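Results of the structural survey
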Amino acid sequence: MSKFLSEKFKDLEPYTPGEQPQDKKYVKLNTNESPFKPCPGVMKALSEEAVSQLYLYSDPTANKLVEAIAEYYTNYVKENGKNFVISKENVIVSNGSDEVLAFIFNAYTDKDKGMACPEIGYGFYPVFCSLYGVPFKSIKIRDDFSIDISAFKGISENITIANPNAQTGLYLSLNDIKTLLSENKDRIIVIDEAYCDFGGESASVLLDEYENLIVVGTLSKSRQLAGGRVGFAIASKEIIQDLNTIKYSFNPYNLNRLSILAGVEAMKDVDYFNKTRKVVMENREYLKEELKKLGFKVTDSKSNFILVSTPKMGGKELYLKLKERGVLVRFLSDELLKNWVRITIGSKEQLNVLLKEIKEILGA
Ligand code: PMP
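Residues numbered from 1 in each chain as written. Predicted model: local features only at pLDDT ≥ 70, side-chain atom pairs only at ≥ 80, totals over all residues. Heavy atoms only, no water.

**Section: the overall build of the protein chain**
The helix and strand inventory of the protein chain stands at 11 helices and 12 strands. Computed over C-alpha atoms, the radius of gyration of the protein chain comes to 20 Å, within 12% of the 21 Å expected from 2.2 N^0.38 for 364 residues, which places it in the range of a compact globule. Taken along the three principal axes of its C-alpha coordinates, the protein chain extends 60 × 55 × 55 Å. Every one of the 364 residues in the protein chain was classed for burial, and the buried ones make up 52%. When the accessible surface of the protein chain is summed, it comes to about 17,100 Å², and 50% of that surface belongs to carbon and sulfur atoms. In the protein chain, which carries 48 positive and 49 negative side-chain charges, the distance between the mean positions of the two groups comes to 4 Å. (Helix = DSSP H or I, 4+ residues; strand = E, 2+ residues; numbered from the N terminus. Rg over C-alpha atoms; globule rule 2.2 N^0.38 Å. Buried < 20%, exposed > 50% of the residue type's maximum accessible area, 1.4 Å probe, protein only. Areas by Shrake-Rupley, 256 points an atom, 1.4 Å probe, with all protein chains shown as cover. Lys, Arg positive; Asp, Glu negative; His and termini not counted. Charge placed at Lys NZ, Arg CZ, Asp CG, Glu CD.)

Pasting the structure below:
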């Protein structure tokens, strides 16, 4: 740390992203990327012509991408029995959903009103609170890692929950989310749906009923654009205005030209999206069953990862042994997770390599 760093950041502990090895080739199952390449339209859109336009700034409103997201979700709510329109004014896009989460925490928290989150969740939430110097409240979860929404009763903070939850993959029903929204009308409720496309129902269907709801999404997991950095939030027009105020006070051109083009294609190719997420969900169930046969405890994940533990060794040991053998999974330093590792659902071939290595490690 330099002697110039502001006093307020001296104790800031930044988020530690998962390993992204740039040299050695691993079977990479550690940061919940898709095992598929981006949809064909993305490859086409990122043409020489598109690259040649990089001398010009990108559209600060990312209009085409915002439109594509609004259209997808308008169709989604219709298919799920609701009849309201999600318009461009209800959507903001960001450089990965991390960025829009940063805008949200910035916009709605202060020293008197922090953020409450389940004690196991996305590790970035407490970091945002530290960055902004606002209180972070960790809410107890049950022993089986499920979220007990009654534990949020009577708190004074805003609430952010990843659904399905980060690390556990466990899914909270829309009824539970409705309860949270109705019991906390004066607070912002953020539902982070990074993993929702792998078996959950999007809370976007509730946007017509609750003005305190923000749904956050990403194209990193189910739309193959982790390296393109495209995220978004959907909420009331007023909330989107607030978030734009933050964005335009920070980085108006927050999405680059190529990511906007890629994002539009990825949102529009619904067939590819459906086909690829179906494979991920099938592979997830396959991996769950195979690991259970080997005596593993496996969470009932509705996500593109599973959290697993074996009575034969701790999480760190299993992670290190797999890494030695060229398979990268995620060990999370949280005390509650010391016996667990998180495994991203890869292709069947990748999962079979993982299973072979696990069998050898366990002598099974
Ligand atoms: N929310 C959750 C729950 C996540 O696990 C992640 C991925 N680390 C993100 C948001 C951020 O994803 P991205 O910035 O790639 O959109």
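Picking up after the structure, the text goes on.
**Here we look at the packing of aromatic side chains**
Counted under the stated rule, the structure contains 16 aromatic pairs. Here the aromatic rings of tyrosine 72 and phenylalanine 273 are separated by 5.8 Å at their centres, their planes lie at 85 degrees, and the arrangement is edge-to-face. Residue tyrosine 72 is located in helix α3 (residues 63–79), and its partner phenylalanine 273 is located in helix α9 (residues 270–293); the two are separated by 201 residues in the primary sequence. As far as burial versus exposure is concerned, tyrosine 72 and phenylalanine 273 are alike and both buried. Through a chain of ring-to-ring contacts, the aromatic side chains of Tyr15, Phe105, Tyr122, Phe124, Tyr125 and Phe128 assemble into a single cluster. (Phe/Tyr/Trp six-rings, centres within 6.5 Å; stacked < 30°, edge-to-face > 60°.)

**With respect to a negative patch on the surface**
On the surface, a cluster of negative charge is contributed by Asp186, Glu211, Glu238 and Asp242. Note that glutamate 238 resides in helix α7 (residues 237–247). (Patch = residues over 30% accessible without salt bridge, like charges linked within 9 Å, V, L, I, M, F, W, Y side chains within 5 Å. Salt bridge = Lys/Arg side-chain N within 4 Å of Asp/Glu carboxyl O.)

**Observations regarding the pattern of salt bridges**
Per the stated rule, a full pass over the model turns up 25 salt bridges. The partner of arginine 284 in a salt bridge is glutamate 285, with the nearest N and O atoms 2.8 Å apart. Residue classification places glutamate 285 among the partly exposed residues on the basis of a relative accessible area of 34%. Two residues, lysine 288 and aspartate 300, come together in a salt bridge whose shortest N-O distance is 3.2 Å. Separated by 12 residues along the polypeptide, lysine 288 in helix α9 and aspartate 300 in the loop between β9 (297–298) and β10 (305–309) bring together distant segments of the chain. On the accessibility criterion, aspartate 300 (47% relative accessible area) is partly exposed. Residues joined in a network through salt bridges with shared partners are Arg284, Glu285, Lys288, Asp300 and Lys302.

**A word on the domain arrangement of the protein chain**
By the assigned domains, the protein chain splits into domain 1 (20–37 + 271–362) and domain 2 (40–268). Put simply, the middle of domain 1 and the middle of domain 2, counted by C-alpha atoms, are 25 Å apart. Facing 27 residues of domain 1, the contacting portion of domain 2 comprises 24 residues. Of the roughly 2,100 Å² buried where domain 1 meets domain 2, counting both sides, 65% is carbon and sulfur surface. (Domains from an automatic or database assignment. Contact = heavy atoms within 4.5 Å. Buried area = accessible area lost by both parts, 1.4 Å probe.)

**Section: the site of the ligand**
Around the ligand there are 14 residues in total, and Ser97, Asp192, Tyr195, Thr218 and Ser220 lie nearest to it. Here a nitrogen atom of the ligand and a side-chain polar atom of aspartate 192 are 2.6 Å apart. Threonine 218 is positioned with one of its side-chain polar atoms (N or O) 2.6 Å from an oxygen atom of the ligand. Tallying contributions element by element places helix α4 (residues 97–108) first for the shell around the ligand, with three residues. By residue class, the composition of the shell around the ligand is six nonpolar, four polar and four charged. (Near = heavy atom within 4 Å. Polar contact = N/O pair within 3.5 Å; in protein donor to acceptor, adjacent residues only side chain to side chain. Nonpolar A, V, L, I, M, F, W, Y, C, P; charged D, E, K, R; others polar.)

**Some points on α9**
Note that an α-helix has 3.6 residues per turn; residues three or four places apart therefore point the same way. With 24 residues, α9 ought to run about 34 Å at 1.5 Å a step, and its terminal C-alpha atoms sit 35 Å apart, in line with that. Every buried residue of α9 is accounted for by Tyr272, Phe273, Thr276, Val280, Asn283, Arg284, Leu287, Lys288, Glu290 and Leu291. Taken together, the buried residues of α9 touch α1 (40–45), α3, β9, β10, β12 (341–344) and α11 (348–362). Directly beyond the C-terminal end of α9, a positive phi value near 85 degrees is found at glycine 295. (Expected span 1.5 Å × (residues − 1).)

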